[in-house]
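Understanding the architecture of this molecule
Listed below are the residues making up each chain.
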Amino acid sequence: YLSCYVSEFPAGGQLNVERHAFDKLIYVVQGRGATTIELGNGKKHTFEWGPGSLFGIPMNAVHQHFNGSGTEPARFAAVTNLAIIMNIYHNTDFIFDNPFVFSDRAGEDRFFQGEGEYHPVKPGRNHWETNFVPDLVNFSLPEWHARGAGGNNIQFLLANATMHAHISEFQQGTYKKAHAHDAGAHIFCVTGQGYSLLWQDGENPVDTVRVD
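This write-up is about the structure you can find in this document. Every value quoted in this text rests on a predicted model; they were computed, and no experiment measured them.

**What about the packing of aromatic side chains?**
All told, the structure shown has 10 aromatic pairs when counted by the stated rule. Aromatic pair Trp128 and Phe139: ring centres 5.5 Å apart, planes at 75 degrees, arrangement edge-to-face. Here Trp128, found in strand β9 (residues 127-130), pairs with Phe139, found in the loop between β10 (132-133) and β11 (152-158); they are 11 residues apart in sequence, far enough to count as distant. Considered together, Trp128 and Phe139 belong to a single accessibility category, that of buried residues. The rings of Phe47, Phe55 and Phe132 are connected pair by pair, giving a single aromatic cluster. Positioned above the aromatic ring of Tyr195, the side-chain terminus of Arg210 is 3.7 Å from the ring centre.

Here's what the structure looks like:
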């Protein structure tokens, strides 16, 4: 019930102003720019992003994206829960022209400045609460030995969204432990090269689907 899309806009360009009553998480693939967010309570935040940045748009906050480069396009991938929201309400005016302010989604002002709050739970469930992660490549991850050989992981709570997001890291020549879940997943490779094996119960993983 989640949608995923890629958006690209030209050098010096900008996207239209948006407002919608669903969650949206954005991962920057290419380019540098800035996003402005108006929360509806008189507060306005602007933060600059680049390749490897990750951020969440608080539900129903007015926002706009700007390409800060005069020479190259900006490109980001976004994941939203629009599909399930549309299935529930069947009304585009309610979703895209709704004046309600979700004040509980904004979080602290510092969450828009790249700061956050670390919440230790247990390995694999420790999470970082924020609205903006400037650089995933250099973000420090707690260890999670049970998920593979020397793997690291952290969960992200972005803009108090209802969608789950996390990042994992594993060293050269190692792997992430095989697992399965009923829900699908959108995976973005931040650094490195490798491959994933996909198979159903009872199948030989080596003889099924390999994604490089």
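**Considerations on the pattern of salt bridges**
Tallying each qualifying case throughout the model produces 8 salt bridges. A salt bridge links Asp109 to Lys43; the nearest nitrogen and oxygen atoms lie 3.2 Å apart. One end of the pair, Asp109, is in the loop between α2 (92-96) and β8 (117-119); the other, Lys43, is in the loop between β3 (33-38) and β4 (44-49), with 66 residues separating them in the sequence. The structure contains a network of salt bridges with shared partners spanning Glu108, Arg110, Glu115 and Glu117.

**Some remarks on the nonpolar core**
Among soluble globular proteins, nonpolar side chains are generally buried collectively. Core analysis: the largest hydrophobic core is formed by 17 residues, its most contacted members being Ile37, Phe47, Trp49 and Phe55. With 3 residues, strand β7 (residues 74-80) is the largest single contributor of residues to this core. Not counting chain neighbours up to four residues away, the residues in contact with Phe55 comprise Lys24, Leu25, Ile26, Val28, Thr35, Phe47, Trp49, His65, Asn131 and Phe132. The next biggest cluster of nonpolar side chains, apart from the first, holds 16 residues, and it includes Leu54, Val79, Phe139 and Leu141.

**What to know about the pairing of β7**
Counting buried positions over the 7 residues of β7 gives 6, a clear majority of the element. The pairing of strand β1 (residues 3-9) with β7 spans 7 bridges and is classified as antiparallel. When the sheet's bridge partners are listed, Cys4 is paired in β7 with Val79. In the sheet, strand β2 (residues 24-30) pairs with β7 via 6 bridges, with the strands oriented antiparallel. The partner of Val28 across the bridge, within β7, is Phe76.

**Some thoughts on the sheet that holds β8**
Taken in spatial order, the 4 strands of this open sheet run β8-β9-β11-β12, and their pairing is mixed. If you trace the sheet from one side to the other, it starts and ends with β8 and β12 (165-169), each paired once. The mean angle between the axes of side-by-side strands here comes to 25 degrees, regardless of whether they run parallel or antiparallel. In terms of strand pairing, β11 meets β12 through 5 bridges, oriented antiparallel. The residue of β12 that forms the bridge with Gln155 is His166.

Cut-off values and rules
Each chain carries its own residue numbering, running from 1 in the written order of its sequence. Per-residue local features are limited, in this predicted model, to residues with pLDDT of at least 70; the limit for side-chain atom pairs, both in listing and counting, is 80 or more; totals at the level of whole chains, interfaces and linings are taken over all residues. Each side-chain value is worked out from all heavy atoms of the structure, with water and hydrogens disregarded. The aromatic pairing rule takes the rings of Phe, Tyr and Trp, using the six-membered ring of Trp, and pairs them if the centres are within 6.5 Å, calling planes under 30 degrees apart stacked, those over 60 edge-to-face and the rest tilted. Numbering of helices and strands runs from the N terminus, with a helix taken as a DSSP run of H or I at least four residues long and a strand as a DSSP run of E at least two residues long. Any residue under 20% of the maximum accessible area for its type is buried, any over 50% is exposed, and the rest in between are partly exposed; the area is computed with a 1.4 Å probe on protein chains only. Over a ring means this: the NZ of a Lys or the CZ of an Arg is within 6 Å of the ring centre and within 35 degrees of the ring normal. Should a side-chain nitrogen of Lys or Arg be within 4 Å of a carboxyl oxygen of Asp or Glu, the pair is scored as a salt bridge. We call a set of buried Ala, Val, Leu, Ile, Met, Phe, Trp, Tyr and Cys residues a nonpolar core when their side-chain atoms join them within 4.5 Å. Note on contacts: a residue pair qualifies if any of its non-hydrogen atoms lie within 4.5 Å across the two residues. Between any two strands, at least two bridges found by DSSP are needed for them to pair. In this description, a line fitted to the C-alpha atoms serves as the axis of each element, helices being fitted only across the stretch in contact, and the angle between N-to-C directions of two axes falls anywhere from 0 to 180 degrees.

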